[in-house]
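Summary of the model geometry
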Amino acid sequence: MSWEENVRRVVPYTPGKQPKAGEKVIKLNTNEFPYAPSPKVREALSKIDPEEFRLYPSTTAEPLTSAIADYYGFKADEVFVGVGSDDVLSMAFLTFFHSKLPVLFADITYSFYDVWAEVYGIPYETIPLSSKFQLVKEDYFRANGGIVIANPNAPTSLCINGGLSALEEILQKNPDSVVIIDEAYIDFGGETALPLIRKYDNLLVVRTFSKSRAFAGVRIGFAIGNKKLIGYLNDVKFSVNSYTMGRPVIALGLAALSDEEYFKESTKRVINTRERTKKELSGLGFNVLDSQTNFVFCSHSAKRASDIFEELKKRNIYVRYFNKPRIDDHLRITVGTDQEMESLITALKEILCL
Ligand SMILES: *Cc1c(COP(=O)(O)O)cnc(C)c1O
């Protein structure tokens, strides 16, 4: 008998490659925001007083939780704040998926869902998207231990066909399980499920500051749902680690949330760049899916995705390639600044000999 027999062994999630310090790359591989956060964040940062670091923070990340609640028109007890939405989703899996029936999610979606299911020992089943990478709502009209849907989806960049009414149908057919909608990219397109929270007490909507608020390095995510759901989520969180969010992060989150003008303007810029990039990539022979996110998912008619990926890497341009069934002919490319996308297009022309 070896101690290794008692180890909880898992195959971890593989994040996109991070450049080494000082390495100059065009980083289009982890869907980070290409612009700095609001100037109000810098101002808030300069006002943080280390004197307060002696004291534990609020266990519920107040006053950030209340500010998020106000912003979206909910009450503080309907909001749960975590250290990025990965933390929120992980806690939600642990809290709500405690059935013997399998949790359902798509075969092609955020690749952390099956990792959490594995580490927590949650039974799950992946449901194939259609050949056009669309979710088939009828596949979710069956007994299950929970449902997770990323809308818009990653890495496909697509919104659910049929929009909010399709999601509502799934909710109507599943009153006995918790349905999580992961809206990491909703600020770049698609319809939010937040209004459905008033009608369905089993709906949890998860969001993040990482993508649209340029906060990937700060780590803020949150969930909104019925207060009973949020209560259960807090019970589990307080049983694992009650002080997850530090005081500086709470202060910076408040500042980011307070600058609506900057948020609107900067997300619009990314959307405009995305639309231009879609056209340019199509012009180079790429089949580009109709992205509603801050990345595009595309395949090329003549050259293998893995080859393009390697060639781009040689030119210090990082994109994401998934060596997985059904999508190994695709690339996921984050929308960067206009200048970064121009460099990408120039490199691609060279690689494709155009
Ligand atoms: C990026 C992402 C997340 C997690 O982001 P955090 O940085 O942990 O907030 C969650 N879901 C999807 C679909 C994502 O793409």
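Keep in mind that what you see is a predicted model, and the values were worked out from it rather than measured. (Residues numbered from 1 in each chain as written. Predicted model: local features only at pLDDT ≥ 70, side-chain atom pairs only at ≥ 80, totals over all residues. Heavy atoms only, no water.)

Right, let's talk about the site of the ligand for a bit. As a structural note, the neighbourhood of the ligand is formed by Gly 84, Ser 85, Asp 86, Leu 89, Tyr 110, Asp 182, Ala 184, Tyr 185, Thr 208, Ser 210, Lys 211 and Arg 219. Here an oxygen atom of the ligand sits 2.6 Å away from a polar atom, N or O, in the side chain of Tyr 185. In this structure, an oxygen atom belonging to the ligand sits 2.7 Å away from a side-chain N or O atom of Arg 219. In the complex, 93% of the free accessible area of the ligand, which totals 380 Å², lies under the protein chains. Among the elements that take part in the shell around the ligand, helix H3 (residues 84-96) stands out by supplying four residues, more than any other. Partitioned by chemical class, the residues of the shell around the ligand number four nonpolar, four polar and four charged. (Near = heavy atom within 4 Å. Polar contact = N/O pair within 3.5 Å; in protein donor to acceptor, adjacent residues only side chain to side chain. Areas by Shrake-Rupley, 256 points an atom, 1.4 Å probe, with all protein chains shown as cover. Helix = DSSP H or I, 4+ residues; strand = E, 2+ residues; numbered from the N terminus. Nonpolar A, V, L, I, M, F, W, Y, C, P; charged D, E, K, R; others polar.)

One side chain can pair with another of opposite charge once the charged atoms of both are near each other. Tallying each qualifying case throughout the model produces 21 salt bridges. Across the pair Glu 78 and Arg 198 runs a salt bridge, and its minimum N-O distance is 3.2 Å. With Glu 78 in the loop between helix H2 (64-72) and strand S2 (79-82) and Arg 198 in the loop between strand S6 (179-182) and strand S7 (203-208), the pair connects residues that are 120 residues apart, well separated along the chain. For Arg 198, a relative accessible area of 53% puts it in the exposed group. Among the salt bridges present, the one from Lys 137 reaches Glu 138, with a minimum N-O distance of 3.6 Å. (Salt bridge = Lys/Arg side-chain N within 4 Å of Asp/Glu carboxyl O. Buried < 20%, exposed > 50% of the residue type's maximum accessible area, 1.4 Å probe, protein only.)

Let's shift gears to the domain arrangement of the chain. In terms of domains, the chain is made up of domain 1 (16-37 + 261-351) and domain 2 (39-258). Each of domain 1 and domain 2 was reduced to a C-alpha centroid, and the two centroids are 25 Å apart. Its largest share of buried area at the contact with domain 2, domain 1 owes to Pro 37, Phe 263 and Arg 326, together 31% of the area lost on that side. Applying the counting criterion to the domain 1 and domain 2 interface returns one salt bridge. (Domains from an automatic or database assignment. Buried area = accessible area lost by both parts, 1.4 Å probe.)

Once that is clear, we can look at the sheet that holds strand S4 (residues 124-127). Taken in spatial order, the seven strands of this open sheet run S2-S8-S7-S6-S5-S3-S4, and their pairing is mixed. If you trace the sheet from one side to the other, it starts and ends with S2 and S4, each paired once. Strand-to-strand twist in this sheet, taken as the mean axis angle between neighbours without regard to direction, amounts to 20°. By the bridge criterion, four bridges tie S2 to strand S8 (residues 221-225) in an arrangement that is antiparallel. Bridge assignment links Val 79 to a residue of S8, and that residue is Ile 224. H2 rests against S2, S7 and S8 of the sheet, and its axis sits at about 130° to S2. (Pairing = 2+ DSSP bridges. Axes fitted to C-alpha atoms, helices over the stretch in contact; angles between N-to-C directions. Contact = heavy atoms within 4.5 Å.)

The next point concerns the environment of Ile 317. Positionally, Ile 317 belongs in strand S11 (residues 317-318). Classification of Ile 317 by relative accessible area gives buried; the value is 4%. Counting along the chain gives 291 residues from Ile 317 to Ile 26, while the straight-line C-alpha distance between them is 4.7 Å. Those residues in contact with Ile 317 that sit more than four places away from it in its chain are Ile 26, Leu 28, Leu 312, Ser 343, Leu 344 and Ala 347.

At a minimum axis distance of 9 Å, the contact between H3 and helix H6 (residues 227-238) shows a crossing angle of 100°. Accordingly, the angle class assigned to the pair H3 and H6 is roughly perpendicular. Judged by residue contacts, Met 91, Ala 92, Leu 94, Thr 95 and Phe 96 of H3 engage Leu 229, Tyr 232, Leu 233, Val 236 and Lys 237 from H6. Broken down by class, the residue content of the contact of H3 with H6 amounts to eight nonpolar, one polar and one charged. (Parallel < 35°, antiparallel > 145°, perpendicular 65-115°, else oblique.)

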